[in-house]
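# Overview (structure and organization)
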Amino acid sequence: MELTARELAALVDGQVEGDADVKLHGFAKIEEAGPGEITFIANPKYGHYIETTQAAVVLVNEDFPNTREGVTLIRVKDPYSTLAHLLKLAESSKPQPKGIEQPCHIGEGTEPPSNCYIGAFAYIGKGVSLGEGVKIYPHSYIGDGTIIGRNTVIRSGVQIYEGCRIGNDCIIHSGAVIGADGFGFAPAGSGYDKIPQTGIVEIADNVEIGANTCVDRATFGRTYIGEGTKLDNLIQVAHNVSIGKANVFASQTGIAGSTKIGDMNMVGGQVGFAGHITVGDRNAIGAQSGIPNNVGDDKRLLGYPAVDARQFARTQVYLKKLNELFNRK
Amino acid sequence: MELTARELAALVDGQVEGDADVKLHGFAKIEEAGPGEITFIANPKYGHYIETTQAAVVLVNEDFPNTREGVTLIRVKDPYSTLAHLLKLAESSKPQPKGIEQPCHIGEGTEPPSNCYIGAFAYIGKGVSLGEGVKIYPHSYIGDGTIIGRNTVIRSGVQIYEGCRIGNDCIIHSGAVIGADGFGFAPAGSGYDKIPQTGIVEIADNVEIGANTCVDRATFGRTYIGEGTKLDNLIQVAHNVSIGKANVFASQTGIAGSTKIGDMNMVGGQVGFAGHITVGDRNAIGAQSGIPNNVGDDKRLLGYPAVDARQFARTQVYLKKLNELFNRK
Amino acid sequence: MELTARELAALVDGQVEGDADVKLHGFAKIEEAGPGEITFIANPKYGHYIETTQAAVVLVNEDFPNTREGVTLIRVKDPYSTLAHLLKLAESSKPQPKGIEQPCHIGEGTEPPSNCYIGAFAYIGKGVSLGEGVKIYPHSYIGDGTIIGRNTVIRSGVQIYEGCRIGNDCIIHSGAVIGADGFGFAPAGSGYDKIPQTGIVEIADNVEIGANTCVDRATFGRTYIGEGTKLDNLIQVAHNVSIGKANVFASQTGIAGSTKIGDMNMVGGQVGFAGHITVGDRNAIGAQSGIPNNVGDDKRLLGYPAVDARQFARTQVYLKKLNELFNRK
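The paragraphs below set out a description of the structure included in this document. All of these numbers come straight from a predicted model, not from anything done at the bench. (Residues numbered from 1 in each chain as written. Chains lettered and ligands numbered in written order. Predicted model: local features only at pLDDT ≥ 70, side-chain atom pairs only at ≥ 80, totals over all residues. Heavy atoms only, no water.)

### Some points on the pairing of strand β5 (residues 37-40) of chain A
All names here are of chain A. Burial along β5 is two-sided: E37 and T39 and I38 and F40, pointing in opposite directions, are all buried. Where strand β4 (residues 26-27) lies against β5, two bridges are found, and the strand directions are parallel. Note on β5: the bridge partner recorded for G26 is E37. Across three bridges, the pairing between β5 and strand β6 (residues 57-61) is parallel. Along β6, the bridge assignment pairs F40 with L59. (Buried < 20%, exposed > 50% of the residue type's maximum accessible area, 1.4 Å probe, protein only. Helix = DSSP H or I, 4+ residues; strand = E, 2+ residues; numbered from the N terminus. Pairing = 2+ DSSP bridges.)

### Concerning the sheet that holds strand β28 (residues 236-237) of chain A
All names here are of chain A. The strand order across the open sheet formed by 10 strands is β9-β11-β14-β17-β20-β25-β28-β31-β34-β37, and the pairing between neighbours is parallel. The open sheet has two free edges, formed respectively by β9 (105-106) and β37 (290-291), since each of these has just one partner strand. In this sheet, β37 lies alongside strand β34 (residues 272-273) in parallel orientation, the contact comprising two bridges. Each residue of the ladder has a partner; that of G272, found in β37, is G290.

### A closer look at the environment of B:N115
Residue and element names in this part refer to chain B. Mapped onto the elements, N115 comes out in the loop between β9 (105-106) and β10 (117-118). According to the relative accessible area criterion, N115 is partly exposed, its value standing at 41%. Once the C-alpha coordinates of N115 and I172 are considered, the two residues, 57 residues apart in sequence, prove to be 19 Å apart. Those residues in contact with N115 that lie beyond four places of it in its chain are E132 and G133. (Contact = heavy atoms within 4.5 Å.)

### Quick word on the relation of the copies chain C and chain B
When chain C is fitted to chain B, the best match, at an RMSD of 0.0 Å, comes from turning it 120° and sliding it 0.0 Å along the axis. Viewed as a symmetry operation, the transformation between the two copies matches a three-fold axis. (Least-squares fit on C-alpha atoms with pLDDT ≥ 70 in both.)

### Observations concerning helix α3 (residues 309-320) of chain A
Helix length check: α3(A), at 12 residues, gives a terminal C-alpha distance of 17 Å against a target of 16 Å (1.5 Å per residue), a fit within 8%. All of the buried residues in α3(A) are A:A309, A:F312, A:T315, A:Q316, A:Y318 and A:L319. Buried positions along α3(A) lie against β38 (300-303), β39 (306-308) and α4 (322-327) of chain A, α3 (309-320) and α4 (322-327) of chain B together with α3 (309-320) of chain C. (Expected span 1.5 Å × (residues − 1).)

### Section: the pattern of salt bridges
In total, this model carries 34 salt bridges over all chains according to the counting rule given. Between C:D193 and A:K88 there is a salt bridge, with its nearest N and O atoms 3.5 Å apart. Within this pair, whereas C:D193 is found in strand β22 (residues 191-194), its partner A:K88 is found in helix α2 (residues 79-92), the two belonging to separate chains. As a salt-bridge pair, C:D21 and C:R6 come within 2.6 Å of each other at their nearest N and O atoms. Of the two residues, C:D21 is situated in the loop between β2 (15-17) and β3 (23-24) and C:R6 in helix α1 (residues 5-12); the sequence distance between them amounts to 15 residues. With relative accessibility at 47%, the residue C:D21 sits in the partly exposed group. (Salt bridge = Lys/Arg side-chain N within 4 Å of Asp/Glu carboxyl O.)

### Details of the interface of chain A and chain C
Interface size is commonly expressed as the accessible surface area that is lost when the partners come together. On the chain C side, the residues contacting the 59 residues of chain A number 61 residues. Summed over both partners, the interface of chain A with chain C buries about 4700 Å², with 62% contributed by carbon and sulfur atoms. It is A:F121, A:Q288 and A:F326 in chain A that bury the most area against chain C; as a group they hold 14% of the surface buried on that side. Remark: the boundary between chain A and chain C carries three salt bridges. Broken down by secondary-structure element, the contributors of at least two residues to the side of chain A that touches chain C are α2, β27 (230-231), β30 (248-249), β38, α3 and α4 of chain A. The element best represented in the side of chain A that touches chain C is α2(A), accounting for seven residues. Here the side of chain A that touches chain C is built from residues that sort into 32 nonpolar, 16 polar and 11 charged. (Buried area = accessible area lost by both parts, 1.4 Å probe. Nonpolar A, V, L, I, M, F, W, Y, C, P; charged D, E, K, R; others polar.)

### Quick look at the packing of aromatic side chains
Residue and element names in this part refer to chain A. Going through the model one piece at a time under the given rule, you end up with 36 aromatic pairs over all chains. A ring pair is formed by Y46 and Y49, whose centres lie 6.4 Å apart and whose planes are at 20°; its orientation type is stacked. Among the residues examined, Y46 registers a relative accessible area of 25% and is labelled partly exposed. Y49 gets classed as partly exposed once you look at its relative accessible area, which sits at 23%. (Phe/Tyr/Trp six-rings, centres within 6.5 Å; stacked < 30°, edge-to-face > 60°.)

### So, the sheet that holds strand β20 (residues 177-180) of chain B
Whenever strands of a sheet pair, they do so through backbone hydrogen bonds, lying parallel or antiparallel. Residues and elements named next belong to chain B. Spatial strand order, β9-β11-β14-β17-β20-β25-β28-β31-β34-β37: 10 strands in an open sheet with parallel pairing. Because the sheet does not close on itself, it has two edges, and the strands there are β9 and β37 (290-291). Note: β9 against strand β11 (residues 123-124), two bridges, orientation parallel. Residue pairing in the sheet places H105 in a bridge with Y123 of β11.

### Section: the interface of chain C and chain B
Each side of the interface is counted separately: chain C has 57 residues, and chain B has 60 residues. Together, the buried faces of chain C and chain B total about 4700 Å²; carbon and sulfur atoms form 62% of this surface. Remark: the boundary between chain C and chain B carries 24 residue pairs in polar contact (both at pLDDT 80 or more). Contributions of two or more residues to the side of chain C that touches chain B are made by α2 (79-92), β27 (230-231), β30 (248-249), β38 (300-303), α3 and α4 (322-326) of chain C. With six residues, the single largest contributor to the side of chain C that touches chain B is α2(C). Taken together, the residues of the side of chain C that touches chain B sort by class into 32 nonpolar, 15 polar and 10 charged. (Polar contact = N/O pair within 3.5 Å; in protein donor to acceptor, adjacent residues only side chain to side chain.)

### Some words on the side chain of A:Q288
Its place among the elements puts A:Q288 in the loop between β36 (284-285) and β37. At 3.3 Å, the side chain of A:Q288 forms a polar contact with the backbone oxygen of C:S289. Not counting chain neighbours up to four residues away, the residues in contact with A:Q288 comprise A:G269, A:Q270, A:V271, B:Q288, C:Q270, C:V271, C:G272, C:Q288, C:S289, C:G290 and C:Y304.

### As for the packing of helix α1 (residues 5-12) of chain A against α2(A)
All names here are of chain A. Two elements in contact, α1 and α2, have axes separated by 11 Å at closest approach and are oriented at 110°. With respect to each other, α1 and α2 are oriented roughly perpendicular. In this structure, α1 contributes L8, L11 and V12 to the contact, and α2 contributes T82, H85, L86 and L89. A class-by-class count of the residues in the contact of α1 with α2 yields five nonpolar, two polar and no charged. (Axes fitted to C-alpha atoms, helices over the stretch in contact; angles between N-to-C directions. Parallel < 35°, antiparallel > 145°, perpendicular 65-115°, else oblique.)

### A word on the environment of A:I41
Residues and elements named next belong to chain A. Mapped onto the fold, I41 is located in the loop between β5 and β6. The buried category is assigned to I41, whose relative accessible area is 3%. Separated by 37 residues in the primary sequence, I41 and D78 have C-alpha atoms spaced 9.7 Å apart.

Structure representation (structure tokens):
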């Protein structure tokens, strides 16, 4: 990618302010950007960097108060999504792997579509259905009878157990394990009997699953992840969990068995959800919270156990003053 | 599997109540079950589903109060373990992988038994001892000199470092790492010197280890997991830890170095155990607890740091009323 | 290894006290050591084991108060680092894998140095630069254009995405994922648009990365881990994080996006760092702490949210007495 600020502005429907002929070749954070690099300010908190940045061009809001002469701005409606759009353009121009590398293992009854990528040492079981344009990187394992939708990308070293269903346009990162046995045991004598986990995992379209994240298969029926939901790395989704649409879960969060989560929730890192509870829609749950009970809609929760985020803040203030309270006469 | 309610009842030593000739072909949760499906009610909390279930047959307790006509029940002593038994029967009738797929790597001095499964791209080092009936799925790595007992199943993408010992009838799920170096460093100058981890991991019989769980090798001696203990996904077991028999650890729990844990403990998800402590038998430790010190037997603990579970509950009540306390004159 | 106490003492510049001719062949913990085994006492807390140990030789401090006749001591300046030194000697005498095992995949433009090890089923992309003496174990994936320094060891099943840079003398344990996409999405309609992650991960010299740990690539620029820093297992390092020199992070800790961490910090297990914060040097942060805000230097922190460790301890005392406070008239 090599273009001028003028060409860039045309591409993103923005207004140039400054040198429209400056040449651009890459992206950088505002505090690290140098000549030829594009950067952005989306959050007013970082506005002061305009004074010092060495970037060639800064994407800013239409009403950004420029306090520095000589810097080239491109004003757009939403600098962050404009940046995302530009990064996508740059990304899509990268060469993509294709074809079937040898040796790989393709089981009986599995027919790779002509435009797929299957990396060396990939293992694809029997009767697997692969959609158009799928990419399966080296060292991935796709169990018998699994269905993978079109344009889905399975990065290297992903393990998908038998019989699972992955939608279209998904990305599954390295080391993720989909469909391992749920954790189910019945007490028996002085130990435990394994309860076979005979269900599956079903993942809808446009889901992204982070590195080393685990989604266990259901005891029976399915563990489900709804359309457009994004899971970060090292997350645990236990058996029989059902997650709705467009949720975002940060890293290392765990969801215990049979819990149902609605749509459009935002969940911080290292959160724990108890099993067999129901969580509604559009909640914001702070990092490291513990959710022991049902949650409605549109809550802001924090703490262990989680309470309203304002109550959590108030309690922290009180805790710091307990000393004073104990010393009252 | 295809059988009638009468045949099913005979199989599990139960009493049919209703249509003994109804045909059955699978299992489902009570709220999702349809025609031809078997379900169960073990917990009275879910008893009300009897009114609405579409299941062909419901496994219930001998004294379950049936409030609905026309539904077919099978009364048994323990519906949950009966279900587990039936799922096992169904599971055991599934075809199992066998033979040695090519290409795989089998090191010098390693002799696979005739009735094993070794998947393509599995790497088995030198002088590895494999028991009768072991299954080693694709992309698993078994380091030199490791011993794996009979009928143990190593799912795809498991990494076992050199010299470890895995018992009989174990299941190790994808992505688990057994025997990586413990985390040991000695301060040296302005940094750290690595302390070589020369011990092993030893896992007793009938242990199940979840996906992406890590069990580190000892500095010297062994890290040990006792008979019948079950570890869920994404758990950390540090070097020199010793865990006894028939414990159950839920996902994302971590056990720091040299800690000793007894028998029959039940540990929730995301719990942390400090290093160099001793935990007794039959404790129940709630999710996200932090265990900084020794624990005796038969405790119910919760919190960070963990306290008696009732005390934790009381403290939570007080915390919600701190406001009131601060406002007292 | 087989030597006498006299030879051992000469090797470590120590003084024998007792039978200098006793023969030694291995190491063990003091409470488990038997004939022919070397053990150590570094912490006075374990000094009492001198009464009961069966070890042939005990490494102790120069001023260790020996209370038992007939045991052989070797007095050294620092028993723990002496032990580390001895373990290294023993380790270095073990046979090391070398050569290139087949089948493996080596992409166009990648030239393995003559003294490397590349295991069977390793996948090395195009234009990868491998330093002298690197070891790449089976099932590891090294993406196109990655640079790996000399003597670095990549254990089995490590996944390194394209374009990353790994320094000299690093160890990366099985299942670690380096360079997967950072977790970046822009709200779009009723869902999210992926923000391509176009940066890299750069890891300096002498870094050790634990099993199943994840270090995500930057949105642009780099995610950075400084010289001599050690990460335990199952850690999450999010995109654009920068970590300085000689830090030690225990297992299951998570660091959210764009956070900057200085040098020589010691961080316990299951700690969470918020995103976009700055942490200074030489802090000690207790297990399971939550760090929501900037941290200076030389702090001892504990709790969720983290406070000074002494304040945390005091608050715990007060919490246990809340009952009493509520019952005051």
